[in-house]
Amino acid sequence: MKAPSVARLLLAWYRKGHRDLPWRSTKDPYRIWVSEIMLQQTRAQAVIPYYERFLRRFPNPQALASASEDEVLAAWSGLGYYARARNLRRAAQRICVTGGDFPREYEPIRALPGIGDYTAAAIASIAFGARHAVLDGNVLRVVARVENDSGDIASARTRERFRAVAGEWLDPSDPGEFNQALMELGATVCLAKNPLCLVCPLSERCRARAEGTAHQLPVKLRKVEPVHIQSTLLVVHRGGRVLLRQREREARRMARFWELPAPEQLPGARVVEILGTFRHTITHHRYTFAVAQASVSARCAGFRWFTVRQMREIPLSTTARKALAVAKIIVP
DNA sequence: GACGCGTGGAG
DNA sequence: TCTCCAAGCGT
């Protein structure tokens, strides 16, 4: 008797029960799109509240396209990778200019800003049933283990090989559900650290499990050394308002975000008292910030005063949020 | 191909 | 406390 296919095993497992995530209950390409962008390098748990708030605020591409960049960034603030939000808005504008309907084919979807191979395959398969296998971190891990393939997943050759395997596995009758099932398996069973092989529907045909190599796959060679940085953020408040500066439009990262000044950015400031410290990591940069209460005598060109209420309406950096929490001006 | 980009959770 | 990394993309 022929062994059941990967797709059959996987879909049977998936249909038996999976996490109830809000974007699973829709085929609206706009909602699928927003969820896929938010999920890039971001855990589902972190995405859920942002997804729901974002869609209430921008329920369709037209609403998103007509919003200001600051409004969109404010809704994204805290989620990270802010280029995603800028690209999302730009893509919505492009969609609205070209008729207002979300593209239905892989190629035009792939051509939108912020959409790469993964996201195009995810949207095309989930929203439109197109036969494209997704290749994300979950799929790479599952394929590496089932095939017991120790290729470096940062290399293009390995990724092409893995993509071919996922394409072989793909269930042509429901590519979208198959893709989600494969990613769900990676997210909940075929875990990076501690794979739950005992409950895995693919364990019978998993070569890494047979060889005992699951925990060391997939192989990723490159590694960036962390850099430790110490700095100070100044909290200047006066009459219930706090002094903030805005990053330049051209800044490489977090452009247009409002943040607290460092001492060198506010030369006239006088430190009154150190209120505390906190840590924050941005990619491989590990910051330790001291939070200092400070005062200024003169007016501060390029700065603006914000109330706590106003801060909810602007893109506010997470370092500023953490520092203002240390200063007990906002609640974390 | 290698980097840079945010954040918070898990172990 | 520290490391690793989670539904990637653009340069």
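Novice: Would you take a moment to explain the protein's contact with DNA strand C for this structure?
Specialist: The full set close to DNA strand C counts 25 residues, and Leu39, Gly114, Thr119, Asp136 and Asn138 are the nearest of them. Sugar and phosphate atoms constitute 65% of the interface atoms of DNA strand C, taking the interface as everything within 4 Å of the protein. Here a base nitrogen of DNA strand C and a side-chain polar atom of Arg24 are 3.4 Å apart. Gly114 places a polar main-chain atom, nitrogen or oxygen, 2.4 Å from a phosphate oxygen of DNA strand C.

Novice: Quick question: what am I supposed to make of the domain arrangement of chain A here?
Specialist: Reports often express the size of an interface as the amount of accessible area lost when the parts come together. The domain architecture assigned to chain A consists of domain 1 (6-216) and domain 2 (227-326). For domain 1 and domain 2, the distance between their C-alpha centres works out to 35 Å. Between domain 1 and domain 2, the contact holds 8 residues from the first and 11 residues from the second. Between domain 1 and domain 2 lies a buried interface of about 760 Å² when both sides are counted; carbon and sulfur atoms form 50% of it. Linking domain 1 with domain 2 are 1 salt bridge, by the criterion used here. For Asp70, the salt bridge is made with Arg256, and the minimal N-O distance between the two is 3.0 Å. On inspection of domain 1 and its partner domain 2, the count reaches 4 residue pairs in polar contact (both at pLDDT 80 or more). Residue contributions to the side of domain 1 that touches domain 2 peak at 4 residues, all from helix α5 (residues 69-76). Its residues placed into classes, the side of domain 1 that touches domain 2 shows 3 nonpolar, 2 polar and 3 charged.

Novice: Just checking my understanding: could you explain the nonpolar core for this structure?
Specialist: Soluble, globular proteins show a tendency: their nonpolar side chains are buried together. Residues Trp33, Met38, Phe54, Trp76 and Trp169 are the most contacted members of the largest nonpolar core, which totals 78 residues. For this core, the element with the highest residue contribution is helix α8 (residues 117-128), accounting for 8 residues. When neighbours within four sequence positions are excluded, Met38 is seen to be in contact with Val47, Tyr50, Tyr51, Phe54, Trp76, Leu79 and Arg84. In terms of nonpolar packing, the next biggest core, distinct from the first, is built from 21 residues, Tyr287, Met311, Ile314 and Ile330 among them.

Novice: Help me out: how do you make sense of the environment of Val219 in this one?
Specialist: With respect to the secondary-structure elements, Val219 resides in the loop between α12 (207-211) and β1 (227-235). Looking at Val219, the relative accessible area reads 22%, which means it is partly exposed. Taking the C-alpha atoms as reference points, Val219 and Gln62, separated by 157 residues in sequence, lie 43 Å from one another.

Novice: Looking at this structure, how should I read the protein's contact with DNA strand B?
Specialist: Surveying the vicinity of DNA strand B reveals 20 residues, the closest of which are Tyr81, His280, Thr281, Thr283 and Thr318. Taking the atoms of DNA strand B that fall within 4 Å of the protein, sugar and phosphate contribute 57% of them. Measuring from a base nitrogen of DNA strand B, one finds a backbone N or O atom of Leu79 at 3.5 Å. One of the side-chain N or O atoms of His280 is found 2.6 Å from a phosphate oxygen in DNA strand B. Partitioned by chemical class, the residues of the surface near DNA strand B number 6 nonpolar, 10 polar and 4 charged.

Novice: When you look at the pairing of strand β6 (residues 285-295) in this model, what are you seeing that I'm missing?
Specialist: For a regular strand, side-chain orientation follows a simple rule: the groups alternate between the two sheet faces. In terms of strand pairing, β1 meets β6 through 9 bridges, oriented parallel. Residue pairing for β6: Thr232 is matched across the bridge by Ala290. As paired strands, strand β5 (residues 270-282) and β6 are joined by 11 bridges and run antiparallel to one another. Each bridged residue has a counterpart across the sheet, and for Arg279 the counterpart in β6 is Thr288. Turn length for the β5-β6 hairpin, with the two strands adjacent in sequence and antiparallel, is 2 residues, and the turn residue Thr283 shows positive phi of about 45 degrees.

Novice: I tried to follow the sheet that holds β5 on my own but got confused; where do I start?
Specialist: Strand pairing in a sheet takes place through backbone hydrogen bonds and is either antiparallel or parallel in direction. Spatial strand order, β1-β6-β5: 3 strands in an open sheet with mixed pairing. Each edge of the open sheet is held by one strand with a lone partner, namely β1 and β5. Neighbour-to-neighbour, the strand axes of this sheet turn through a mean angle of 20 degrees, independent of strand direction.

Novice: Help me out: how do you make sense of the packing of aromatic side chains in this one?
Specialist: The geometry of an aromatic ring pair is captured by the separation of the ring centres together with the interplanar angle, meaning the angle of the planes. All chains considered together, the criterion is met by 9 aromatic pairs. Between Trp23 and Tyr51, the ring centres sit 5.3 Å apart and the planes meet at 80 degrees, which makes this aromatic pair edge-to-face. Note that Trp23 is positioned in the loop between α1 (6-16) and α2 (29-39) and Tyr51 in helix α3 (residues 44-57), a separation of 28 residues in sequence. Taken together, a centroid distance of 5.7 Å and an interplanar angle of 85 degrees make the contact between Phe54 and Trp76 edge-to-face. Here Trp76 lies in helix α5 and Phe54 lies in helix α3, a separation of 22 residues in the sequence. For the pair shown, Phe54 and Trp76 are each scored as buried. A network of ring pairs unites the aromatic residues Tyr30, Trp33 and Phe102 as a single cluster. The residue whose ring lies beneath Arg53 is Tyr50, and the NZ or CZ to ring-centre distance is 4.8 Å.

Rules used throughout
- Residue indices begin from 1 for each chain and proceed along its sequence in written order.
- Chain letters and ligand numbers both follow the written order, the letters beginning at A and the numbers at 1.
- Local features are withheld for residues below a pLDDT of 70 in this predicted model, meaning they are given only at 70 or higher, and side-chain atom pairs are given and counted only at 80 or more; totals for whole chains, interfaces and linings count all residues.
- By convention in this description, side-chain values take in all heavy atoms of the structure and omit both hydrogens and water.
- Nearness here has a simple test: a residue counts as near a molecule or strand if at least one of its heavy atoms is within 4 Å of that partner.
- In protein, a polar contact requires one atom able to donate a hydrogen and another able to accept it; more generally it is a pair of N or O atoms within 3.5 Å, and residues adjacent in sequence count only if both atoms are side-chain atoms.
- In this document the domain limits rely on a domain assignment from an automatic tool or a database.
- Contacts are residue-level and defined by heavy atoms, with any inter-residue pair within 4.5 Å sufficient.
- Throughout, the accessible surface (probe 1.4 Å) given up by two parts as they are put together, summed over both, is called the buried area.
- The working definition used for a salt bridge is a side-chain nitrogen of Lys or Arg within 4 Å of a carboxyl oxygen of Asp or Glu.
- Numbering of helices and strands runs from the N terminus, with a helix taken as a DSSP run of H or I at least four residues long and a strand as a DSSP run of E at least two residues long.
- Three residue categories are used. Nonpolar comprises Ala, Val, Leu, Ile, Met, Phe, Trp, Tyr, Cys and Pro, charged comprises Asp, Glu, Lys and Arg, and polar comprises the others, including Gly.
- Each nonpolar core is a collection of buried residues, namely Ala, Val, Leu, Ile, Met, Phe, Trp, Tyr and Cys, held together in the definition by side-chain atoms within 4.5 Å.
- The classification of residues rests on relative accessible area computed with a 1.4 Å probe and restricted to protein chains. Under 20% of the type maximum is buried, over 50% is exposed, and intermediate values are partly exposed.
- A pair of strands is treated as paired once DSSP finds two or more bridges between them.
- Working convention: axes come from line fits to C-alpha atoms, limited for helices to the stretch in contact. Angles between N-to-C directions cover 0 to 180 degrees.
- Working definition: rings of Phe, Tyr and Trp (its six-membered ring) pair if their centres are within 6.5 Å, and the pair is stacked with planes under 30 degrees apart, edge-to-face with planes over 60 apart, and tilted otherwise.
- Charge over a ring is defined by NZ of Lys or CZ of Arg lying within 6 Å of the ring centre and within 35 degrees of the ring normal.

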